[in-house]
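The primary structure of each chain is shown beneath.
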Amino acid sequence: MNRPLLVTLGDPAGIGPEIVQKACAAARVLAVCEPVVYAAGAPGPLPPGEESAASGRAAYDTIVQAVGAARRGEVEDIATAPVSERA
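As a convention, each chain's residues are numbered from 1 in the sequence order in which they are written. It should be noted that, the model being predicted, local features are given only for residues of pLDDT at least 70 and side-chain atom pairs only at 80 or more, the latter also being counted only at that level, while totals for whole chains, interfaces and linings use all residues. Water and hydrogen atoms play no part in the side-chain values, which are based on all heavy atoms of the structure.

### As for the sheet that holds strand β3 (residues 78–80)
Paired strands, as defined in this entry, are two strands with at least two bridges between them according to DSSP. We count a stretch as a helix when DSSP gives it H or I for four or more residues in a row; a strand needs E for two or more, and each element gets its number in order from the N terminus. Here three strands make up an open sheet; going across it, the order is β2-β1-β3 and the pairing parallel. Sheet topology places β2 (33–38) and β3 at the edges, where each strand pairs with a single neighbour. Averaged over neighbouring strand pairs, the angle between their axes works out to 30° when direction is ignored. As paired strands, strand β1 (residues 3–8) and β3 are joined by three bridges and run parallel to one another. Within β3, the residue paired with Val 7 across the bridge is Ala 79. Axes, fitted as lines to C-alpha atoms, cover a helix only where it is in contact. Angles between the N-to-C directions of the axes lie from 0 to 180 degrees.

If you want it as structure tokens, here you go:
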């Protein structure tokens, strides 16, 4: 069995969700790990391609929660999709 890899969506209004979906279905990824997608709830629908404080907060909150899971020993590895520094 492959090691689980916690994957965050990055900026939910950006390209992150699409990248994560494709990566988690790729045979070469599945050959080396078991991706587990992790996302904190956004405050509602976010328009794709539009940077906002809400999308930045959702990305930040997700990463903080993922790091918390790693510190508690729930996961060993984390990867995150792109985030917007401005958001």
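### Things to note about the nonpolar core
Only buried residues count toward a nonpolar core. Its members are Ala, Val, Leu, Ile, Met, Phe, Trp, Tyr and Cys residues joined through side-chain atoms within 4.5 Å. Using a 1.4 Å probe on the protein chains alone, a residue whose accessible area is under 20% of its type maximum counts as buried, one over 50% counts as exposed, and one in between counts as partly exposed. Core analysis: the biggest nonpolar cluster contains six residues, these being Leu 5, Val 7, Leu 9, Val 20, Cys 33 and Ala 81. Residue contacts for Leu 5: discarding those within four places in its chain leaves Cys 33, Glu 34, Pro 35, Val 36, Asp 77, Ile 78 and Ala 79. Contacts are residue-level and defined by heavy atoms, with any inter-residue pair within 4.5 Å sufficient.

### Some points on the pattern of salt bridges
Two side chains that carry opposite charge are able to pair once their charged atoms sit near each other. Counted as salt bridges are all cases of a side-chain nitrogen of Lys or Arg within 4 Å of a carboxyl oxygen of Asp or Glu. Taken as a whole and assessed by the stated rule, the structure comprises six salt bridges. In this structure, the salt-bridge partner of Arg 3 is Asp 77, at a minimum N-O distance of 2.6 Å. With a gap of 74 residues between them, Arg 3 in strand β1 and Asp 77 in the loop between α3 (53–71) and β3 connect regions that are remote in the sequence. Note on Asp 77: relative accessible area 28%, which makes it partly exposed.

### Structural notes on the environment of Ala 87
When you line up the elements, Ala 87 lands in the segment after β3. Residue Ala 87 is classed as partly exposed on the basis of its relative accessible area, which comes to 25%. Ala 87 sits 31 residues away from Gly 56 along the chain, and the two C-alpha atoms are 4.4 Å apart. If we skip the residues at most four places from it in the chain, Ala 87 touches Asp 11, Glu 51, Ser 52, Ala 53, Ser 55 and Gly 56.

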